[in-house]
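Here are the chains, one letter per residue:
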Amino acid sequence: MNAPDAVLRHLASLGLNEPQTVYYNLPPAALYEEAVRRGEAQLAAYGPLVARTDPHTGRSPNDRFVVDEPSSRDLVGWGKVNKPVPEATFDALLDGMERYAVGRDLFVRDCYAGADPRYRARVRVITEKAWHNLFAYNMFLRPADDEAGTEAPDFTVLDLCGFAAPELEGLNSSTFICLHLGRGLVAIGGTHYAGEIKKSIFSALNYRLPQQGVFPMHCSANVGPDGASAVFFGLSGTGKTTLSADAARTLIGDDEHGWSDEGIFNFEGGCYAKAINLSPDGEPEIYATTRQFGTVAENVILRPDRTIDFADATLTENTRLSYPIWMIPNASETGQAGHPKTIVFLTADAYGILPPIAKLTPEQAMYHFLSGYTAKVAGTERGVTEPKATFSACFGEPFMVLPPGRYAEMLGEKIRRHGAQVFLVNTGWTGGPHGTGQRMKLSYTRRMVNAALAGELDTAETTTDPIFGLAIPTHVEGIPDEILTPRNTWADAEAYDAKARELARMFAENFERYADSVSNEIREAGPVEAEAA
């Protein structure tokens, strides 16, 4: 498709004056053809396009920067996540990218972020890889043909993955993901990992939407037949995508949402699901997308017959699938729903300490939202040989541009105004830590989550965990009573107590950075420290 003159003028304003060919809003079939012809990707059996992103098989958080510029300087929560880079460095990167793009083909796509038209952002994605443009087609909302190219974008992503940054002030390596919030411009280079494209726009929305009174959330969401919606917060690998893809409920989205005065809405038009150990029995809706044309599979291994070996982690544990949300049969047509009745915090506790489900008070909800706890297990990251606690504020700190406390305040206000029930759900280990215990059965987790969504636990009898202060149901229909209290599942109760106190210390030490900025009620909603327990 020929690019409209307005699009070409915008490219020229970015210094992209001399590309070889500009491919504008190509349909998926044409992007398939270009990706295969250029050697960017392979076809798998049943239709997916398979691409590799090594050596970067995940995000590069140490190479993500926010440009230090006057319009956003006083709003950004600067620190280890939002690392500042001088505007002069950003301009030097753009100069280098301009020279790199001369004589190269560019793929341009106009799309939206935000299903609610009142808060929608116009996004333009410019890539040198055809498959990256297909990824953008899958992940963002797709405008009607007569809408494309008619308005200037609110945010532009320039992803020239083959361009390696020279040595410049503020950068850590030749890889860079730089957000200029004042210009609405993201520059990406030195990495082929497509997830940087979607997460950079998520970061931009996390800056923009709170200024419009919208609470941005790193969560999945669905809605039941009764119209009551639910949101699922959690870090990667905790089950956001899996648990929201429920055949009995309508999927709103699997990763990024906003909560406005009118209700919730999806930011995206697709899903980005983990593929490791994917099976038709455990996750049938997601597995079915690997039998469809248009799905992009990242870093998976193909067998000789071109079927995907989902158990093979040769390249990475972080194998991924990108697909339009309409591939999920019960996906919402509008991407919107009313105010959530239920909020679920997902954690994959590899220590086997936290209960499989517990009800939280509003103060505990604020505490655990700011903590954002999960745990990495051995083998998922180089150097990790035993479970390792990970705390990520707001269950998505790497994408939160404002100080975490700003988002926590918005959550607290939403809970108070709409009376949502909040639950902590451990999708991790039971009966002992990783290596001794076993992963919580997905069927059990689904049953407990469904009980929470149905209101079965609102008035259920509970027992209080003596260290973490959590209200644990004593009975959930369809679940063995003994697994509800983690201490009862360990062969050595004293070993459980010691490990629980150790994890409580980790919580307390992490929360020290928020202690001076929250109320006494929130500070006291955390676990009891080891010495006091």
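Before any of the text, the structure's been laid out above.
Visitor: How should I be thinking about the packing of aromatic side chains in this particular structure?
Guide: Two aromatic rings are characterised by how far apart their centres lie and by the angle between their planes. The tally for this structure, following the rule as stated, stands at 26 aromatic pairs. Relative to Phe107, the ring of Tyr23 has its centre 4.9 Å away and its plane inclined at 15°; by these criteria the two rings are stacked. One end of the pair, Tyr23, is in strand E1 (residues 22-24); the other, Phe107, is in strand E6 (residues 106-113), and 84 residues separate them in sequence. With centroids separated by 6.1 Å and ring planes inclined at 70°, the aromatic side chains of Phe215 and Phe369 adopt a geometry described as edge-to-face. Of this pair, Phe215 sits in strand E11 (residues 215-223) while Phe369 sits in helix H8 (residues 362-371); the two residues are 154 residues apart in sequence, bridging distant segments of the chain. For Phe215, a relative accessible area of 0% corresponds to the buried category. Of the aromatic side chains, those joined through ring pairs into one cluster are Tyr367, Tyr373, Phe391, Phe468, Phe507, Phe511 and Tyr514. Cation over ring: Lys83 sits above Phe65, and NZ or CZ is 5.6 Å from the ring centre. For Arg104, the ring lying beneath its charged end belongs to Tyr100, and the centroid distance is 3.7 Å.

Visitor: Please explain the sheet that holds strand E17 (residues 296-298) as it appears in this structure.
Guide: If you walk across this open sheet you meet the five strands as E2-E3-E17-E20-E16, and the pairing is mixed. Edge positions in the sheet fall to strand E2 (41-43) and strand E16 (270-274), since each has one partner strand and no second. For this sheet, the mean inter-axis angle between neighbouring strands, taken without regard to orientation, is 25°. In this fold helix H2 (residues 28-37) packs onto E2 and strand E3 (49-51), with an angle of close to 115° to the strand it touches most, E2.

Visitor: How should I be thinking about the nonpolar core in this particular structure?
Guide: Across soluble globular proteins, nonpolar side chains show a tendency to be buried alongside one another. Counting residues in hydrophobic clusters, the biggest one holds 129 residues, and the most contacted among them are Phe215, Phe233, Ile343, Phe345, Phe369, Tyr373 and Phe468. Excluding residues within four positions of it along the chain, Phe369 makes contact with Phe215, Phe233, Phe345, Ala393, Cys394, Phe395, Tyr407, Ala408 and Leu411. Grouped together as the second largest cluster of nonpolar side chains are 28 residues, Leu14, Val22, Phe65 and Ala101 included.

Visitor: Would you mind showing me how to read H2 here?
Guide: Because each turn of an α-helix spans 3.6 residues, side chains separated by three or four positions in sequence point in the same direction. Of all the positions in H2, only Pro28, Ala30, Leu31, Tyr32, Glu34 and Ala35 are classed as buried. Packed against the buried residues of H2 are E1, E2, E3, E6 and helix H4 (130-139). Taken from the residues just after H2, Gly39 is the one with a positive phi, measuring 75°.

Visitor: Would you take a moment to explain the packing of H2 against H4 for this structure?
Guide: Running from N to C, H2 and H4 cross one another at 155°; their axes reach a closest spacing of 8 Å. In terms of their interaxial angle, H2 and H4 are classed as roughly antiparallel. Note that H2 runs across H4; the crossing there is left-handed. Between H2 and H4, the residues in contact are Pro28, Leu31, Tyr32, Glu34 and Ala35 and Ala130, Trp131, Asn133, Leu134 and Tyr137, respectively.

About the criteria used
- Residues numbered from 1 in each chain as written.
- Predicted model: local features only at pLDDT ≥ 70, side-chain atom pairs only at ≥ 80, totals over all residues.
- Heavy atoms only, no water.
- Phe/Tyr/Trp six-rings, centres within 6.5 Å; stacked < 30°, edge-to-face > 60°.
- Helix = DSSP H or I, 4+ residues; strand = E, 2+ residues; numbered from the N terminus.
- Buried < 20%, exposed > 50% of the residue type's maximum accessible area, 1.4 Å probe, protein only.
- Lys NZ or Arg CZ within 6 Å of the ring centre and 35° of its normal.
- Pairing = 2+ DSSP bridges.
- Axes fitted to C-alpha atoms, helices over the stretch in contact; angles between N-to-C directions.
- Contact = heavy atoms within 4.5 Å.
- Core = buried A, V, L, I, M, F, W, Y, C linked by side-chain atoms within 4.5 Å.
- Parallel < 35°, antiparallel > 145°, perpendicular 65-115°, else oblique.
- Left-handed = near helix turned anticlockwise from the far one by under 90°.

So yeah, pure geometry; function would need other evidence.
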